[in-house]
Amino acid sequence: MKKVVAGVDIGGTNTVFGLVDENGKVLSHGTFKTTDYPKVENFVTTLASEIKKLLAAKKEYELAGIGIGAPDANYHRGTIEHAPNLAWKGIVPLADLIKKKINVPVAVTNDANAAAMGEMIFGGAKKMKDFIVLTLGTGLGSGIVIDGKMVYGHTGFAGELGHMTVVPNGRECGCGRKGCLETYASATGLVKTVIQLMSEMRDESPLRDIPPSKLTSKKIAEAAANNDPVAVRAMNETAAILGFGIINAIVFSSPEAIFLFGGLAQAGDLLFKPVRAYLKKNNYVLMKDTVKILPSEISESNGAVLGSAALIWNDLKN
Ligand SMILES: [Zn+2]
């Protein structure tokens, strides 16, 4: 028999799942719409039958567990709690519901923690014990590993660096507070910064021809690559505020590396270079030049499935 783990990523729109072997190979995968299931019980029934279908394709597969990345997931309790982006309200006992359909170990955590676990088991953090993964997408998620262990905290929700205050009374955040890091250092934050700079700067820019609702971090990165002054300044300001947040994280846990993952990280050197320069100049003296800023080694396309599966592989390997 060949041990496999099911990795599941539950998103607001789509759910992606796959079978992953111990080397981080995605053997088979599938997807369905999360939004087709306003009742979580029906969602679980479909998910269980889809996983069983993948298993049935190969007789030698033995399911060792199911790892799940989901918004507002609580690792300690195996629950999804008050997720604004999902139809399931209140506290959803997801792990227990799944175990009733498929009786194997089930682990649930948020997508950023899953990304960090993927990095540790299958990616660039294989030999590291202290590192942080930042996922720079619509928001900013973080998975923090200290001494080889994921930090879940007292509540199970630890690692919310996206909601540390970087600008007192700054931009309004979806969490109800102001000036959180993710309102600046995320794909959405970059777009906001460009819109703000276009009203302050007089330079011509191809970005001015794009309606605000159509601006994306990808288009801004492309303009920055062509030396568009608005885009370049927006990139540099975003990198500086991200660097500011990163230094606050560094003084707390002294990581060996910070991995950047997600849409905004795709900007490559346009983001990495100014972040590294900011750290070189501003990092706390005892930790100067001790932290690598690295791109994630987990591919964007199957990263969510791999990371979720890594939750279980981590338990099996220890
Ligand atoms: Zn916030």
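Everything below is about the structure shown above.
For clarity, every value in this text was computed on a predicted model and none was experimentally measured.

Trainee: Please clarify how the pairing of strand β3 (residues 26-33) should be interpreted in this entry.
Mentor: Where strand β2 (residues 14-20) and β3 come together, 7 bridges link them in antiparallel fashion. Pairing of Thr15 across the sheet is with Phe32, part of β3. Counted along the chain from β2 to the antiparallel partner β3, the turn is 5 residues long, and its residue Gly24 has a positive phi close to 85 degrees.

Trainee: Any chance you could explain the environment of Val194 here in plain terms?
Mentor: Relative to the assigned elements, Val194 resides in helix α4 (residues 187-200). Overall, the presence of 28 C-beta atoms within 10 Å leaves Val194 in the buried class. Each C-alpha atom of the pair Val194 and Ala234 lies 5.7 Å from the other, and the pair is 40 residues apart in sequence. Setting aside chain neighbours within four positions, we find Val194 in contact with Leu207, Leu215, Ile220, Val230, Ala231 and Ala234.

Trainee: So what exactly am I meant to see when it comes to the environment of Thr79 here?
Mentor: By the secondary structure assignment, Thr79 is in strand β6 (residues 79-81). Residue Thr79 is classed as buried on the basis of its C-beta count, with 21 C-beta atoms lying within 10 Å. Sequence separation between Thr79 and Gly90 is 11 residues; the distance between their C-alpha atoms is 9.9 Å. The residues touching Thr79, leaving out its near neighbours within four places in the chain, are Asn74, Ile91, Val92, Pro93 and Leu94.

Trainee: Is there a simple way to explain unusual backbone geometry in this structure?
Mentor: Among all residues save glycine, negative phi is the norm, and among peptide bonds the norm is trans. Although it is not a glycine, His82 sits at a positive phi angle of roughly 50 degrees. Tracing the chain through its elements places His82 in the loop between β6 and β7 (91-92). Phi at Asp147 is positive, roughly 55 degrees, even though this residue is not glycine. Along the polypeptide, Asp147 turns up in the loop between β10 (140-146) and β11 (149-150).

Trainee: Is there a simple way to think about the pairing of strand β4 (residues 61-69) in this case?
Mentor: Here strand β1 (residues 2-10) runs beside β4; their pairing, made up of 8 bridges, is parallel. Each bridged residue has a counterpart across the sheet, and for Val8 the counterpart in β4 is Ile68. Direction of pairing for β4 relative to strand β8 (residues 106-109): parallel, over a ladder of 4 bridges. Looking at β8, one finds that Ile66 is bridged to Val106.

What counts, and where the lines are drawn
- Residues numbered from 1 in each chain as written.
- Predicted model: local features only at pLDDT ≥ 70, side-chain atom pairs only at ≥ 80, totals over all residues.
- Pairing = 2+ DSSP bridges.
- Helix = DSSP H or I, 4+ residues; strand = E, 2+ residues; numbered from the N terminus.
- Buried ≥ 20, exposed ≤ 12 C-beta atoms within 10 Å, placed from the backbone.
- Contact = placed C-beta atoms within 7 Å.

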